[in-house]
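Chain by chain, the residues run as shown.
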Amino acid sequence: QVQLVESGGGLVQPGGSLRLSCLASGSIFSINAMGWYRQAPGKERELVALIRSGGSTYYVDSVKGRFTISRDNAKNTVYLQMNSLNAEDTAVYYCKMIAVAGGRDYWGQGTQVTVSS
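Residues numbered from 1 in each chain as written. Predicted model: local features only at pLDDT ≥ 70, side-chain atom pairs only at ≥ 80, totals over all residues. Heavy atoms only, no water.

Caption draft 1: Examining the nonpolar core more closely. Residues Leu4, Trp36, Leu80, Met82 and Tyr93 are the most contacted members of the largest nonpolar core, which totals 29 residues. Within the residue set of this core, elements represented by two or more residues are β1 (2–7), β3 (18–26), β4 (31–39), β5 (46–52), β7 (67–72), β8 (77–82), β9 (91–99) and β11 (111–115). (Core = buried A, V, L, I, M, F, W, Y, C linked by side-chain atoms within 4.5 Å. Buried < 20%, exposed > 50% of the residue type's maximum accessible area, 1.4 Å probe, protein only. Helix = DSSP H or I, 4+ residues; strand = E, 2+ residues; numbered from the N terminus.)

Shown next, in the form of structure tokens:
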């Protein structure tokens, strides 16, 4: 079993910044990638950023240049630094551990990010 716990969400003004953290614990192995997803009210969950086991990253176009995904393997933690936030970034943000083929993926419980003045 793997547990993923997100933190760092909250209320921020437009143009502000937040850093989300995802702490992984349990039987952590055979990880293909770690991802941050978000789901806004009435919308489908979407992939925001991904960091693969080799270190390469992916960002959805809407966050490129504003968000940065990183990891600290010693701390079993993945981060999402979010800058220049706007109202469209308001959503529940979820961390996901993506296993190698044949393995099981895991989700965190989510953390709310609200961008509002």
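Caption draft 2: Quick peek at the packing of aromatic side chains. Considering all chains together, one arrives at 2 aromatic pairs under this definition. Measuring from ring centre to ring centre gives 4.8 Å for Tyr37 and Trp107, while their planes differ by 65°; the resulting arrangement is edge-to-face. Of this pair, Tyr37 sits in strand β4 while Trp107 sits in strand β10 (residues 106–107), and the two are 70 residues apart along the sequence. Aromatic pair Tyr94 and Trp107: ring centres 6.3 Å apart, planes at 90°, arrangement edge-to-face. Here Tyr94, found in strand β9, pairs with Trp107, found in strand β10; they are 13 residues apart in sequence, far enough to count as distant. (Phe/Tyr/Trp six-rings, centres within 6.5 Å; stacked < 30°, edge-to-face > 60°.)

Caption draft 3: Spotlight on the layout of surface pockets. Of the voids in this model, the largest pocket is the one considered here, and its volume is about 240 Å³. Ile31, Met34, Arg71, Asn73 and Val78 are, among the 15 residues lining the largest pocket, the residues nearest its centre. Sorting the residues of the lining of the largest pocket by element identifies β4, β5, β7 and β8 as the ones contributing at least two each. Of the residues forming the lining of the largest pocket, the biggest block, 4 residues, is contributed by β4. For the lining of the largest pocket, the residue count by class is 7 nonpolar, 5 polar and 3 charged. (1 Å grid on protein atoms, 1.4 Å probe; cavity = no way out; pocket = protein on both sides within 12 Å on 5 of 7 lines; lining within 4 Å. Points joined across faces, edges and corners; volume = space filled by probe spheres on them. Nonpolar A, V, L, I, M, F, W, Y, C, P; charged D, E, K, R; others polar.)

Caption draft 4: Up close: the state of the cysteines. One pass over the structure, following the stated rule, counts 1 disulfide. Shown here is the disulfide that connects Cys22 with Cys95, its sulfur atoms set 2.1 Å apart. The sign of the -75° torsion about the S-S bond sets the Cys22-Cys95 disulfide as left-handed. Residue Cys22 is found in strand β3, and its partner Cys95 is found in strand β9; the two are separated by 73 residues along the sequence. (Disulfide = S-S within 2.5 Å.)

Caption draft 5: Main features of the side chain of Arg66. Turning to its location among the elements, Arg66 is positioned in the loop between β6 (57–59) and β7. Given the relative accessible area of 14%, Arg66 is considered buried. Here Asp89 takes part through its side chain, which lies 2.8 Å from a polar atom of the side chain of Arg66. Sequence-distant contacts of Arg66, defined by excluding residues within four places in its chain, comprise Gln81, Met82, Asn83, Ser84, Leu85, Asn86 and Asp89. (Polar contact = N/O pair within 3.5 Å; in protein donor to acceptor, adjacent residues only side chain to side chain. Contact = heavy atoms within 4.5 Å.)

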